[in-house]
Amino acid sequence: MNLNGLKDEEIKELVIEGKATVADLVDSGICPTCFNRRNDSVLYGDDTDKMIYEDDDLECFLVGNPRANGHVAISTKVHYKDVMEADEEVCVKIFLLAKKVMNIIKEVYNAESVYLCTMCDGPMNHFHVQLIPRYSFEKRGSKNFVKPRFEYVEDKEKLELLRSKLNYKGHVKTLKK
Ligand SMILES: [Zn+2]
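What you see is a predicted model, and the numbers here were worked out from it, not measured in a lab. (Residues numbered from 1 in each chain as written. Predicted model: local features only at pLDDT ≥ 70, side-chain atom pairs only at ≥ 80, totals over all residues. Heavy atoms only, no water.)

S.K.: Explanation requested: the coordination of the zinc ion in the structure shown.
M.R.: The textbook angles at a metal center are 109.5 degrees for a tetrahedron of four donors and 90 or 180 degrees for an octahedron of six. Protein coordination of the zinc ion is provided by Cys-31 (SG), Cys-34 (SG), His-79 (ND1) and His-126 (ND1), with donor distances spanning 2.0 to 2.2 Å. Angles of 105 to 115° at the metal separate the four donor atoms of the zinc ion, which places the site in the tetrahedral class. The sequence pattern formed by the donor residues of the zinc ion is C-x2-C-x44-H-x46-H. Considered together, Cys-31 and Cys-34 belong to a single accessibility category, that of buried residues. (Donors = N, O, S within 2.8 Å, 3.2 Å for Na, K, Ca; no water. Tetrahedral: all angles 85-135°; square planar, octahedral: opposite > 155°, others 65-115°. Buried < 20%, exposed > 50% of the residue type's maximum accessible area, 1.4 Å probe, protein only.)

S.K.: Is there a simple way to explain the pattern of salt bridges in this structure?
M.R.: Oppositely charged side chains are able to pair whenever their charged atoms sit close together. In the structure shown here, the tally under the stated rule is 15 salt bridges. Here Lys-77 makes a salt bridge to Glu-54, at a shortest N to O gap of 2.7 Å. Taken together, the residues span a long stretch of sequence, with Lys-77 in the loop between strand E3 (72–76) and helix H4 (88–108) and Glu-54 in strand E1 (residues 51–54) at a distance of 23 residues. You'll find Lys-77 and Glu-54 in the same group, each marked buried. Among the charged side chains, a salt-bridge network with shared partners connects Asp-55, Asp-57 and Lys-93. (Salt bridge = Lys/Arg side-chain N within 4 Å of Asp/Glu carboxyl O. Helix = DSSP H or I, 4+ residues; strand = E, 2+ residues; numbered from the N terminus.)

S.K.: Is there a simple way to explain the nonpolar core in this structure?
M.R.: Counting 33 residues, the largest nonpolar core has Ile-74 and Leu-131 as its most contacted members. Contributions of two or more residues to this core are made by E1, strand E2 (58–62), E3, H4, strand E4 (113–117), strand E5 (128–134) and helix H5 (156–165). The residues touching Leu-131, leaving out its near neighbours within four places in the chain, are Gly-70, His-71, Val-72, Ile-74, Ala-98, Val-101, Met-102, Ile-105, Val-114, Tyr-115 and Leu-116. Of all hydrophobic cores here, the second largest spans nine residues; its members include Leu-3, Leu-14, Ala-20 and Leu-43. (Core = buried A, V, L, I, M, F, W, Y, C linked by side-chain atoms within 4.5 Å. Contact = heavy atoms within 4.5 Å.)

Pasting the structure below:
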């Protein structure tokens, strides 16, 4: 479905009715992440319960449809289409945070390794990196990037551990232009 020329309110209705998907937004050149933030999380749902770190530039959260327990995403608050468009300061910041979070995931989830990927393809997307644990019972290799997704189930103990290790003080919705 082409959403070009429609107002946020109209697209929001289509999303609620199940007529417009994330892919439709991407294909229509509308950033799904920024749209979601402008429109009360209508696309991805409220993720405050999955947030594990936040600062002025970045959000870090457990993924709602993970490929492994402990699958985390980090996204920028400012809009960049992908890593190639992101400014250097933000690149440094996101990859240093990724390194830190990967070590924490490895420890908290007792993963054997943690993989990092970023794609952000299509006419429009929003720069984010994904951190996907690989467990000892799983074979090494790139298939770990495409493990089947499943529904997130909260593990309160691990969630609190991640938050305390990242010194997370609570969710603050700040929108930067
Ligand atoms: Zn965006």
